[in-house]
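Listed here are the chains, written in short residue letters.
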Amino acid sequence: SDPVAWRYCPNAGEMPTRQRIADYVTARYGCPTEPYDILVSNGVTGCLSAIMSALLDVDDEILLPDPLWPNIEMSSTLFGGKVTKYSLSWERGFQPCIKEIEAAITEKTRALYVCTPSNPTGRVVSREMMDDMIRLCLERNIFLISDE
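Residues numbered from 1 in each chain as written. Predicted model: local features only at pLDDT ≥ 70, side-chain atom pairs only at ≥ 80, totals over all residues. Heavy atoms only, no water.

Chemist: Quick question: what am I supposed to make of the side chain of Ser 49 here?
Modeler: In this structure, Ser 49 sits in helix α2 (residues 44-55). Ser 49 has contacts with Ser 75 and Phe 79, leaving out every residue within four places of it along the chain. (Helix = DSSP H or I, 4+ residues; strand = E, 2+ residues; numbered from the N terminus. Contact = heavy atoms within 4.5 Å.)

Take a look at the structure:
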């Protein structure tokens with residue numbers, strides 16, 4: 001019998017899976033990524049709650065899109081985080097505006113959250129916008145939480 005078939009997997013996900021994802025991110029985006037940088041979960045709610053509990057202290061800020069799936073905001077405030085929203089306006093085709101995001105960053109901002117395809121709009125964030133978000137997060141030393 002297969003011993004893997006009946007045991008619990010590691011909380012962060014199986015190492016071979018995490019390694020394949022890290023290899024893919026490194027090859028696709030040119031961003032050196034290790035399996036220890038990857039968290040695999042069986043659902044977004046539990047995963048985001050784990051991320052928020054690790055990142056946010058009381059009064060830390062997180063940037064969230066508007067509109068958004070309400071559970072993301074709940075996961076952020078559950079641990080004392082403060083939410084600042086950036087708009088996904090219909091006029092821009094539900095694409096974020098990097099200048100608006102940058103203007104919303106304060107010394108208390110810990111993370112920027114992006115969901116692509118967006119829930120609830122269904123819009124996929126453009127490659128250029130993702131590149132801009134990555135650059136901004138690196139420049140401002142904040143985490144980018146990418147829910148894909």
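Chemist: So what exactly am I meant to see when it comes to the pattern of salt bridges here?
Modeler: It is possible for side chains bearing opposite charge to pair when their charged atoms get close. The final tally for this structure, using the stated rule, is six salt bridges. Here Arg 110 and Asp 60 are joined by a salt bridge, their closest N and O atoms 3.7 Å apart. Placement of the pair is Arg 110 in strand β3 (residues 109-115) and Asp 60 in the loop between α2 and β1 (61-66), with a sequence separation of 50 residues. Notably, a salt bridge pairs Glu 100 with Arg 92, separated by 3.7 Å at the nearest N-O pair. A residue is classified by how much of its surface remains accessible, and Arg 92, at 32% relative accessible area, is partly exposed. (Salt bridge = Lys/Arg side-chain N within 4 Å of Asp/Glu carboxyl O. Buried < 20%, exposed > 50% of the residue type's maximum accessible area, 1.4 Å probe, protein only.)

Chemist: Honestly, the confidence of the model for the protein in this entry has me stumped. Any pointers?
Modeler: As a general rule, the predicted coordinates of low-pLDDT regions are not to be interpreted in detail. Overall, the predicted model of the protein reaches an average pLDDT of 92, with 96% of residues at or above 70. Looking over the protein, one finds the lowest element-wise mean pLDDT in α2, namely 88, and the highest in helix α4 (residues 98-104), namely 98. (pLDDT = per-residue confidence, 0-100.)

Chemist: What is the right way to look at the layout of surface pockets in this model?
Modeler: A water-sized probe, rolled over the atoms, reveals where empty space remains. Taken as a whole, the largest pocket holds about 1,600 Å³ of empty space. Considering the residues around the largest pocket, the lining is formed by 40 residues, among which Ile 38, Leu 144, Ile 145, Ser 146 and Glu 148 are closest to the centre. Contributions of two or more residues to the lining of the largest pocket are made by α1 (15-29), α2, α5 (127-140) and β4 (143-147). The greatest single-element share of the lining of the largest pocket, amounting to seven residues, is contributed by α5. Looking at the lining of the largest pocket residue by residue, the class counts come to 25 nonpolar, seven polar and eight charged. (1 Å grid on protein atoms, 1.4 Å probe; cavity = no way out; pocket = protein on both sides within 12 Å on 5 of 7 lines; lining within 4 Å. Points joined across faces, edges and corners; volume = space filled by probe spheres on them. Nonpolar A, V, L, I, M, F, W, Y, C, P; charged D, E, K, R; others polar.)

Chemist: Would you take a moment to explain empty space enclosed by the protein for this structure?
Modeler: Enumeration over the complete set of coordinates arrives at two cavities of 30 Å³ or more. Around the largest cavity, the lining residues are Pro 65, Tyr 86, Leu 88, Phe 94, Pro 96, Val 114, Cys 115, Ser 118, Arg 123, Val 124 and Val 125. Here the residues of the lining of the largest cavity are counted per class, giving nine nonpolar, one polar and one charged. Quantified by volume, the second largest cavity comes out at close to 30 Å³. Around the second largest cavity, the lining residues are Pro 65, Leu 68, Leu 88, Tyr 113, Cys 115, Ser 118 and Asn 119. The residue makeup of the lining of the second largest cavity, split by class, is five nonpolar, two polar and no charged.

Chemist: Help me out: how do you make sense of helix α3 (residues 70-77) in this one?
Modeler: In an α-helix, one turn spans 3.6 residues, which is why side chains three or four residues apart end up on the same side. Taken together, the buried positions of α3 are Ile 72, Ser 75 and Ser 76. Taken down its axis, α3 places every buried residue within 100° of arc, on the same side. Of the surrounding secondary structure, the elements contacted by the buried residues of α3 are α2, β1, β2 (82-87) and β3. (Arc of directions from axis to C-beta.)

Chemist: What am I meant to see in the sheet that holds β2 here?
Modeler: Strand pairing in a sheet takes place through backbone hydrogen bonds and is either antiparallel or parallel in direction. Across the sheet, four strands lie side by side as β2-β1-β3-β4; this open sheet has parallel pairing. The sheet terminates laterally at β2 and β4, the two strands that pair on one side only. Across this sheet, the average inter-strand angle for adjacent strands is 25°, counted without regard to direction. Bridge analysis of β3 against β4 gives five bridges, and the strand direction is parallel. (Pairing = 2+ DSSP bridges. Axes fitted to C-alpha atoms, helices over the stretch in contact; angles between N-to-C directions.)

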